[in-house]
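# Coordinates in review
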Amino acid sequence: MTKPPSPVSSTDRVLLIETFVRIVEAGSLSAAAVQLGGTQPTVSRRLQLLERMLGVRLLQRSTHAIRLTEDGQRCYQSAKNLIAGWDSLESEVRGGGEEPAGMLRVVAPHAFGQHQFVEPLARYLRQYPQMRVEWLLHDRMPDFIAENIDCALRVGPITDPSVVALKLGEVPRIVVAAPGVLQSIESADDPRQLAALPWVALRTFYRDEVVLTNLDTGEVARFGITPRLSTDGLHALRRAAVLGLGAGLGSAWAMSEDIAQGRLVHVAPRWHAEPLPVYLVYPPSRYQPVRLRRFIDVMREYLPAELRMAQGPAD
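If you check an unreviewed UniProt entry, the protein chain appears there as HTH-type transcriptional regulator DmlR from Achromobacter insolitus. As its UniProt record puts it under Sequence similarities (unreviewed entry), the protein chain is described as follows: "Belongs to the LysR transcriptional regulatory family."

## Points about the nonpolar core
Ranked by size, the top nonpolar core spans 63 residues in total, and within it F112, F117, L153, L194, W199, L280 and F295 carry the most contacts. Among the elements that take part in this core, strand β6 (residues 164–177) stands out by supplying seven residues, more than any other. Looking at this core, you find at least three residues from each of domain 2 (102–170 + 277–309) and domain 3 (171–275). Counting residues in hydrophobic clusters, the runner-up holds 19 residues, among them V24, A33, C75 and A79.

## Let's talk about unusual backbone geometry
Backbone geometry at N148 places phi at a positive 55°, although glycine is not the residue there. By the secondary structure assignment, N148 is in the loop between β4 (131–137) and β5 (151–155). The phi torsion at A268 lies on the positive side, around 45°, for a residue other than glycine. With respect to the element layout, A268 can be found in the loop between β12 (265–267) and β13 (271–282).

## Notes on the environment of P198
Of note, P198 is situated in the loop between β6 and β7 (200–202). Look at P198 and you get partly exposed, because its relative accessible area is 28%. With 29 residues separating them along the chain, P198 and P227 place their C-alpha atoms 6.8 Å apart.

Parameters at a glance
- Residues numbered from 1 in each chain as written.
- Predicted model: local features only at pLDDT ≥ 70, side-chain atom pairs only at ≥ 80, totals over all residues.
- Heavy atoms only, no water.
- UniProt positions renumbered as here; feature names shortened; annotations may be inferred.
- Core = buried A, V, L, I, M, F, W, Y, C linked by side-chain atoms within 4.5 Å.
- Buried < 20%, exposed > 50% of the residue type's maximum accessible area, 1.4 Å probe, protein only.
- Helix = DSSP H or I, 4+ residues; strand = E, 2+ residues; numbered from the N terminus.
- Domains from an automatic or database assignment.

As structure tokens, this is what we get:
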């Protein structure tokens, strides 16, 4: 007589489901094994056991890649929700004061991730000593699933409708130039004369046109520019402006020290560009792991004052 398979406990089932999700998100069994702190044969056995338990093939494996089967695609999102639900249940049972533990993977913009967002990050790590953070700096929207990213901090409009975007605040933007650049115009307070200046552009947000609004009257001034330098780096734009390559439009916080030291002049100070929104973005899920909920709370509370001052309601 064939011996029936031994029953799988509920704890083992959660482990098998978590392993399957990790394999999909890591992209390979070996990468999942590293993230789980185990071995590839162990991960492979867990996958096989889950497939036998469900009676379906979840992944197609080849020498170079893995691919979800049709059944695997249906299973994957449900598995993600189950894991998130289990995390939420543990959090509720243990109480709202539960301290998160483990790894949080965050993507932040280069300039802000090296400056403005580091203080709240440090507060998060000090407040939750069992947490570790992988702090990844780049300016593109990540693929949350493929890159196993928990959340991203973004500056600028969010155009992807498939993500959840929480508005944290806004970035005031100003026009600056080195004192020598301004000698070619009569008044640095008149935006109509700024088109005659050489310009450097932050191509992420403007390329060939500058739009400014008067803080007192709401009047809008719009003029075209032909930048001598275009860059996608805020610090590069600031440095180029200091070196006298042209006027530039950038985040007020990044220019404040150079203005205070006289290396830059705040041009047309009663005129400003539309501020850029600051968002915390994450993939939609029925549940949020406690490590992410606590990070959101810290970012909301400790975002630098120059960004929080213009804060609007959450989107």
